[in-house]
Amino acid sequence: MALLQVNFLSSSLGRTIPMNVILPVDKMTFPGMPVREDKPYKTLYLLHGVLGNYTDWVTGTNIVRYAMENDLAVVMPSGDNMFYVDNPWTVSNSYGEFIGKELVEITRKMFPLSDKREDTYIAGLSMGGFGAIRNGLKYHDTFGYIAGLSSALVIDGAEKMTNDSPLFFANRNFFEGCFGDVSRVAESDMNPKWLAKKLVEEKADIPKIYMACGEGDSLLEANRSLKDYLGNIGIDLTYEEGPGGHDWDFWGEYIKKVLDWLPLENKNAGINSGNVGV
């Protein structure tokens, strides 16, 4: 298993950003076993939720093992609590550009990653699910597949928010810090529904989308709303619900379903310390 911690200077964010990268480059092959074709790796850009950082997916799920089994590179950056959108009213806080453009470009320079759209995927949980769907649609020429788990689809209710919650991330001030004027955000490229409609109208090549949410999750209705909206405008969507809430038990189960949904290959090409393929 090649699990790397990388720190690099981001021009979009104006500071050094950490990320974890899984690279399945250390598999061994014995006589009679399938041999992996020598080509760049398919890549999943995987985003954390609010309060999290680049370590969350590694500590909370079996993503390392799943990536090795599927011969998949996985890039997990830190994105702070900013919903992965650009903040033009502040200095060096272009989180959308960071995720959708800079991160892809710099990791392709660093590692043997495919530059093909059909080999490049983005996914996330909660806030990261929002970020994956929003940036996957905005940068639809880069990403061929999008997955959102328990996505924090907060745009629809943002304008009615107050500052009464004891949780900072459920207050209007927090959302204005992320999205700016919340009375205008619905009709902007920060809104996945607005982006999806625009791409349909432009007859663009829209990425395939997977969404899942727990039946006990407070975000369930918001996820159903986006599911219905995307279906009504004709976007290719796979949607699932299952037992569970807004927690790592659900995300750990459904990130495997995401990988099963993605067009991956080479599952039996070599083994590693976990005896993958034996």
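Residues numbered from 1 in each chain as written. Predicted model: local features only at pLDDT ≥ 70, side-chain atom pairs only at ≥ 80, totals over all residues. Heavy atoms only, no water.

The next thing to look at is the pattern of salt bridges. Evaluated as defined, the whole model comprises 14 salt bridges. Glutamate 105 is the partner of lysine 101 in a salt bridge, and the nearest nitrogen-oxygen pair spans 3.2 Å. One end of the pair is lysine 101 and the other is glutamate 105, both in helix α3 (residues 95-110) and 4 residues apart, which spans about a single turn. You can call glutamate 105 partly exposed: its relative accessible area is 41%. By sharing partners, the salt bridges in this structure join Arg134, Lys138 and Asp189 into a single network. (Salt bridge = Lys/Arg side-chain N within 4 Å of Asp/Glu carboxyl O. Helix = DSSP H or I, 4+ residues; strand = E, 2+ residues; numbered from the N terminus. Buried < 20%, exposed > 50% of the residue type's maximum accessible area, 1.4 Å probe, protein only.)

Let's shift gears to the packing of aromatic side chains. Summed over all chains, the structure comprises 11 aromatic pairs. Measuring from ring centre to ring centre gives 5.4 Å for phenylalanine 83 and phenylalanine 179, while their planes differ by 55°; the resulting arrangement is tilted. Of this pair, phenylalanine 83 sits in the loop between β4 (73-77) and α3 while phenylalanine 179 sits in helix α6 (residues 172-179); the two residues are 96 residues apart in sequence, bridging distant segments of the chain. Judged by its relative accessible area of 4%, phenylalanine 83 is buried. Centre to centre, the rings of phenylalanine 130 and phenylalanine 179 are 5.8 Å apart; their planes meet at 75°, and the pair counts as edge-to-face. (Phe/Tyr/Trp six-rings, centres within 6.5 Å; stacked < 30°, edge-to-face > 60°.)

Here we come to helix α8 (residues 220-232). Under the 1.5 Å per step criterion, the end-to-end length of α8 is 18 Å for 13 residues, consistent within 8% with the ideal 18 Å. Burial in α8 covers these residues: Leu220, Asn223, Leu226 and Leu230. Looking down the long axis of α8, one finds its buried residues gathered within 130° of arc, a one-sided arrangement. Exposed residues on α8 whose side chains face more than 90 degrees from its buried face are Glu221 and Asn232. Taken from the residues just after α8, glycine 234 is the one with a positive phi, measuring 85°. (Expected span 1.5 Å × (residues − 1). Arc of directions from axis to C-beta.)

Another point: the packing of helix α4 (residues 127-138) against helix α7 (residues 192-201). Look at α4 against α7: their axes get within 9 Å of each other, and the N-to-C directions meet at 25°. Looking at the two axes, α4 sits roughly parallel to α7. Crossing angle aside, the handedness with which α4 passes α7 is left-handed. Contacts between α4 and α7 pair Phe130, Ile133, Arg134, Leu137 and Lys138 from the former with Pro192, Leu195, Ala196 and Leu199 from the latter. Broken down by class, the residue content of the contact of α4 with α7 amounts to 7 nonpolar, no polar and 2 charged. (Axes fitted to C-alpha atoms, helices over the stretch in contact; angles between N-to-C directions. Parallel < 35°, antiparallel > 145°, perpendicular 65-115°, else oblique. Left-handed = near helix turned anticlockwise from the far one by under 90°. Contact = heavy atoms within 4.5 Å. Nonpolar A, V, L, I, M, F, W, Y, C, P; charged D, E, K, R; others polar.)

In short, shape yes, function no, at least from these values alone.
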